[in-house]
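Here's the letter readout for the chains.
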Amino acid sequence: INGSSEFVSNISMSIVSMLYNYQLMKYLGRDGVSAYGTYMYVGFIFLAIFIGYSSGTAPIVGYNYGAKNHKELQGVYKRGLLFILATSIAMVIFGELMAYPLSVLFVGYKEELLQLTIRAMLISSISFLFTGISIYASSFFTALNNGLISALISFLRTLVIQVLAILLLPLLIGVDGIWVSIIVAEALSALISIIFLLAKKKQYNY
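Residues numbered from 1 in each chain as written. Predicted model: local features only at pLDDT ≥ 70, side-chain atom pairs only at ≥ 80, totals over all residues. Heavy atoms only, no water.

### Section: helix α3 (residues 70-97)
- With 28 residues, α3 should reach 40 Å at 1.5 Å per residue; the first-to-last C-alpha distance of 41 Å fits that figure.
- Along α3, the residues that are buried comprise Leu 73, Gly 75, Val 76, Tyr 77, Gly 80, Ile 84, Thr 87, Ser 88, Met 91, Val 92 and Gly 95.
- In the core, the buried residues of α3 are packed alongside α2 (30-66), α4 (99-107), α6 (128-143), α8 (176-199) and α9 (201-204). (Helix = DSSP H or I, 4+ residues; strand = E, 2+ residues; numbered from the N terminus. Expected span 1.5 Å × (residues − 1). Buried < 20%, exposed > 50% of the residue type's maximum accessible area, 1.4 Å probe, protein only. Contact = heavy atoms within 4.5 Å.)

### Here we look at a nonpolar patch on the surface
- A grouping of Leu 164, Leu 167, Leu 168, Leu 171, Leu 172 and Ile 173 is seen on the molecular surface, where their side chains present a nonpolar patch of about 630 Å² in accessible area.
- The residue Leu 171 is located in helix α7 (residues 147-173) in this model.
- The class for Leu 171 is exposed, based on a relative accessible area of 62%. (Patch = residues over 30% accessible without salt bridge, like charges linked within 9 Å, V, L, I, M, F, W, Y side chains within 5 Å. Areas by Shrake-Rupley, 256 points an atom, 1.4 Å probe, with all protein chains shown as cover. Salt bridge = Lys/Arg side-chain N within 4 Å of Asp/Glu carboxyl O.)

### A short note on the packing of helix α5 (residues 111-124) against α8
- Running from amino to carboxyl end, α5 crosses α8 at an angle of 30°, the nearest separation of the two axes being 8 Å. Judged by the angle between their axes, α5 and α8 are roughly parallel. Here the hand of the crossing between α5 and α8 comes out right-handed. Residues Arg 119, Ala 120, Ile 123 and Ser 124 of α5 pack against Asp 176, Trp 179, Val 180, Ile 182 and Ile 183 of α8.
- Broken down by class, the residue content of the contact of α5 with α8 amounts to 6 nonpolar, 1 polar and 2 charged. (Axes fitted to C-alpha atoms, helices over the stretch in contact; angles between N-to-C directions. Parallel < 35°, antiparallel > 145°, perpendicular 65-115°, else oblique. Left-handed = near helix turned anticlockwise from the far one by under 90°. Nonpolar A, V, L, I, M, F, W, Y, C, P; charged D, E, K, R; others polar.)

### Comments concerning the packing of α3 against α6
- At a minimum axis distance of 7 Å, the contact between α3 and α6 shows a crossing angle of 155°. Taken as axis vectors, α3 and α6 run roughly antiparallel relative to one another. Two packed elements cross with a definite hand, and for α3 against α6 that hand is right-handed. Between α3, through Leu 73, Val 76, Tyr 77, Gly 80, Leu 81, Ile 84, Ser 88, Ile 89, Met 91 and Val 92, and α6, the contact on the second element is made entirely by Phe 128, Leu 129, Gly 132, Ile 133, Tyr 136 and Phe 140.
- Taken together, the residues that form the contact of α3 with α6 break down as 13 nonpolar, 3 polar and no charged.

### Observations regarding unusual backbone geometry
- With a phi angle near 60°, Lys 68 is a residue other than glycine that sits in the positive phi range.
- Note that Lys 68 resides in the loop between α2 and α3.
- For Asn 145, which is not glycine, the phi torsion reads 65° and is therefore positive.
- Considering the arrangement of structural elements, one finds Asn 145 in the loop between α6 and α7.
- For Asn 145, a relative accessible area of 59% corresponds to the exposed category.

### Notes on the side chain of Ser 127
- One can find Ser 127 in the loop between α5 and α6.
- Discounting residues that sit within four places of it in the chain, Ser 127 has contacts with Tyr 39, Ile 182, Ile 183 and Glu 186.

### Quick look at α7
- Taking 1.5 Å per residue, 27 residues should reach 39 Å; α7 reaches 37 Å between its end C-alpha atoms and fits that length.
- The largest bend in α7 comes to about 45°, at Leu 156.
- Positioned one or two residues after α7, Gly 174 has a phi angle of 85°, which is positive. (Bend = angle between axes of the 7 residues up to and from the residue.)

### Some words on the nonpolar core
- Of all hydrophobic cores here, the largest spans 48 residues; its most connected members are Tyr 36, Phe 140, Phe 141, Leu 144, Trp 179, Leu 197 and Tyr 206.
- Among the secondary structure elements, those contributing two or more residues to this core are α1 (4-27), α2, α3, α4, α5, α6, α7 and α8.
- Sorting elements by how many residues they give to this core places α2 first, with 10 residues.
- Once residues lying within four places of it in the same chain are set aside, the contact partners of Phe 140 are Val 61, Leu 73, Tyr 77, Leu 197 and Tyr 206. (Core = buried A, V, L, I, M, F, W, Y, C linked by side-chain atoms within 4.5 Å.)

In short, shape yes, function no, at least from these values alone.
Laid out in structure tokens, this is it:
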């Protein structure tokens, strides 16, 4: 089970990407797919920071939990949350400030596509505020040898919630619903992750 979260994430991301491309072609055509591709390039860089930190601290979490070093485990947990919070805020600010220059870098050759990409970046960048906590929580529970919760968080974040959001929000609020769906999916996933972290705190003494 412990290795299942990564497998679930990879499969889910492939399915969700195809669904996003389908919706974008339906509502915006090829320009929409290009705009989404630009956001994904930037998003992968930001996700790599969260994934790198979460994966890097996982052995420390696992060791201290196994050795019953509860104070050390609590310290790692609190520092992890502070890092995720600070980094998330910084990423949102960076994403908003760099929406224009990054869009110009990728799609500056076409004005209509450029404006669409800038709008997509400005809206979607807000999702970085919530992304880190889900990634951290999934890795944290893996380190605690609770692969079931880890896989569940990944499954809900990368597939279930995103699929519902991308299908429903464009119907409710139009084209912007495609970009807002990213925010909604990450926010709901973060909420679920926080609930699990709070619910299991006494059991694992972090």
